Amino acid sequence: MGTRGTTAACLTTLALTTAACAGPTTQRQATPATPRSAQQPAAPGTAPADLLTRATRDGVRRPRTAAQAARQVLAAENAIRRPGTSAQHLATAGELAQVTYRVIGNRPTWDERVLAALPRRLHRVVERNVASRREFRSMHYTLSDTLPAWRIIEPEPAEDLLAHYREAEQRFGIDWEYLAAINLVETGMGRIRGLSVAGAQGPMQFIPATWAQYGRGDINDPRDAIMAAGRYLEARGFTEPGGIPGALYSYNNHPAYVRGVTQLARVMRAEPWAFLGYYHWQVYYLSSAGDVVLRPGYQSRTSIPVARFLRDNPEALSS
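Residues numbered from 1 in each chain as written. Predicted model: local features only at pLDDT ≥ 70, side-chain atom pairs only at ≥ 80, totals over all residues. Heavy atoms only, no water.

### Re the overall build of the protein
And step 1. Each helix and strand in the protein was counted, giving 14 helices and six strands.
And step 2. When each of the 319 residues of the protein is scored for burial, the buried share is 58%.
And step 3. Accessible surface, the protein: about 13,100 Å² in total, of which carbon and sulfur atoms supply 50%. (Helix = DSSP H or I, 4+ residues; strand = E, 2+ residues; numbered from the N terminus. Buried < 20%, exposed > 50% of the residue type's maximum accessible area, 1.4 Å probe, protein only. Areas by Shrake-Rupley, 256 points an atom, 1.4 Å probe, with all protein chains shown as cover.)

### Thoughts on the packing of aromatic side chains
Geometry of an aromatic ring pair is reported as the spacing of the ring centres plus the angle between the planes.
And step 1. This structure, assessed with the given rule, holds twelve aromatic pairs.
And step 2. Ring plane angle 40° and centroid distance 6.3 Å describe the contact between Phe 275 and Tyr 279, whose orientation is recorded as tilted.
And step 3. Taken together, a centroid distance of 4.8 Å and an interplanar angle of 80° make the contact between Tyr 278 and Trp 281 edge-to-face.
And step 4. Under the relative-accessibility criterion, Tyr 278 is labelled buried at 3%.
And step 5. Judged by relative accessible area, which is 1%, Trp 281 ranks as buried.
And step 6. In textbook terms, an aromatic cluster arises when at least three aromatic residues are bridged by ring pairs, as seen for Phe 206, Trp 211, Tyr 214, Tyr 232 and Tyr 251. (Phe/Tyr/Trp six-rings, centres within 6.5 Å; stacked < 30°, edge-to-face > 60°.)

### Description of the nonpolar core
And step 1. Counting residues in each nonpolar core, the largest one holds 94 residues, and the members touching the most others are Tyr 165, Phe 275 and Leu 294.
And step 2. Here this core takes nine residues from helix H3 (residues 66–81), the largest share from any one element. (Core = buried A, V, L, I, M, F, W, Y, C linked by side-chain atoms within 4.5 Å.)

### Section: helix H11 (residues 244–251)
And step 1. Most of H11 sits inside the fold, with six of its eight residues counted as buried.
And step 2. Within H11, the full set of buried residues consists of Ile 244, Pro 245, Ala 247, Leu 248, Ser 250 and Tyr 251.

### Describing helix H7 (residues 158–172)
And step 1. Over its 15 residues, H7 runs 21 Å from end to end, which matches the ideal 21 Å to within 8%, given 1.5 Å per residue.
And step 2. If you check which residues of H7 are buried, you get Ala 158, Leu 161, Leu 162, His 164, Tyr 165, Arg 166, Ala 168, Glu 169 and Phe 172.
And step 3. In this structure, the buried side of H7 is in contact with helix H8 (176–187), helix H10 (222–235) and helix H13 (274–278).
And step 4. Phi turns positive, to about 80°, at Gly 173, one or two residues after H7. (Expected span 1.5 Å × (residues − 1). Contact = heavy atoms within 4.5 Å.)

### Remarks on the pattern of salt bridges
And step 1. A complete count under the given rule lists 15 salt bridges for this structure.
And step 2. Ionic pairing is found between Glu 77 and Arg 81, a salt bridge with its closest N-O pair at 2.4 Å. Of the two residues, Glu 77 and Arg 81 are both situated in helix H3; the distance of four residues between them amounts to about one turn of the helix. For the pair shown, Glu 77 and Arg 81 are each scored as buried.
And step 3. Taken together, the shared-partner salt bridges in this structure form one network comprising Glu 167, Arg 171, Arg 223 and Asp 224. (Salt bridge = Lys/Arg side-chain N within 4 Å of Asp/Glu carboxyl O.)

### Concerning the environment of Arg 193
And step 1. Following the sequence through the fold, Arg 193 ends up in strand S3 (residues 192–193).
And step 2. Taking relative accessible area as the criterion, Arg 193 reaches 26% and is therefore assigned partly exposed.
And step 3. Sequence separation of Arg 193 and Asn 220 is 27 residues, and the distance between their C-alpha atoms is 8.3 Å.
And step 4. With near-sequence residues (within four places) excluded, Arg 193 lies in contact with Trp 150, Arg 151, Ile 153 and Asn 220.

### Notes on the packing of helix H2 (residues 48–58) against helix H4 (residues 87–105)
And step 1. At a minimum axis separation of 9 Å, H2 and H4 run at an interaxial angle of 95°. For the element pair H2 / H4, the angle class is roughly perpendicular. Across the interface between the two elements, Leu 51, Leu 52, Thr 53, Ala 55 and Thr 56 of H2 pack against Gln 88, His 89, Thr 92, Ala 93 and Leu 96 of H4.
And step 2. Across the contact of H2 with H4, the residue classes break down as five nonpolar, five polar and no charged. (Axes fitted to C-alpha atoms, helices over the stretch in contact; angles between N-to-C directions. Parallel < 35°, antiparallel > 145°, perpendicular 65-115°, else oblique. Nonpolar A, V, L, I, M, F, W, Y, C, P; charged D, E, K, R; others polar.)

### A short note on the packing of H7 against H10
And step 1. The interhelical angle for the contact between H7 and H10, taken along N-to-C directions, is 30°, at an axis separation of 9 Å. The angle between H7 and H10 falls in the class roughly parallel. By crossing handedness, the relation of H7 to H10 is classed as right-handed. Residue-level inspection shows Leu 161, His 164, Tyr 165, Glu 167, Ala 168, Arg 171 and Phe 172 of H7 in contact with H10, the latter providing Pro 222, Arg 223, Ile 226, Met 227, Gly 230, Arg 231 and Glu 234.
And step 2. Residues that form the contact of H7 with H10 fall into these classes: seven nonpolar, two polar and five charged. (Left-handed = near helix turned anticlockwise from the far one by under 90°.)

Interpretation note: all reported values are geometric properties and have no functional meaning in isolation.
Rendered as C-alpha cells:
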C-alpha cells in the first residue's frame, strides 16, 4: 500500500472507469442482493439476450466497431440489472462489460457513436467506466513482455465480500463502494495472490510495515484485509470533509489511481447493482502482446515470457 501501482494498472481498469466524492452518509442505499427489477426495454434490433447467449457459449470477444461495442454494453448492463439472470449469464455479462470498456477506453473516437446508440439511462455508467479505464491505462508507461509471478484463484463469494465491505463501512465510516473499488483494482476482488513490485500482499495489497500498524489477523484473509483498509483510510482522513482524494492518494500515490477508483465507486453509488458485474471481472493483464486473461489456475513462481505463455495458451490473448 502506498507505492504499488502495477496491479492497479493491469486490471483496469475500465473498467469498466473527478476527484472528490461525497463522504459517508447516515442513510445509505441498500446493498444489492439481486439485479434491479425496473428494466427498460432494449433498443430495437440489438437482440442483447441473443448476444449474451452467444458470448456465454463461444466466449467473450472484443468489439470491432463502435456499434458492436454499444450492443455489447447494452447486453451486459441489461443482464446485470435484470431479475433472474442466471449465474452463468451474469458471469458472462460482467466479463463482456469489462472487455468492451477496455476496448472503448483505447478508442476515444468511438465515444460519441457508442453513447448515441445506447439508451440515456446507461450514458453515465458508460462514461464513468470508460473514464476509469483511461485513468488506469495512463499509469502504464511501458508494457511488459513477461507475465507476473502470480497465482490466480476464485474470489470469495460476492455476498460475503459485500458483508465485509458493509461491516467496514459501519465500523470505520468508509463507503462500501470505495472499498469494493479498491479491492477490484488491486487484486480483482481477491483473484490475484502474489507480491507486487513493492512487496504488497493480500487482497487489499498491504506492504508488511503498513499491515503491522493497521492489520489484524491474516493479511491474505479477505475480511481481515478489508477491515485493515477501513482502518487505514479512516486514519488517513477519508471521513473528514474533502478527505477522500487524499486518503485514496495515500493508498496508491498516483492521481490517476485516485480518479480511477473514484469513478468506479461513483458507478456503484448510483447503481449498487453494478457490483454484481464488477465481481465477475477477470484478471486481464496488459502486456506488450495485448490483453492476456489470467484465469483461476494460472500459477507461476517466476515471471513468464508472454510469447511462451501464448504459444501454450493462445486462447488467453483477448481477441
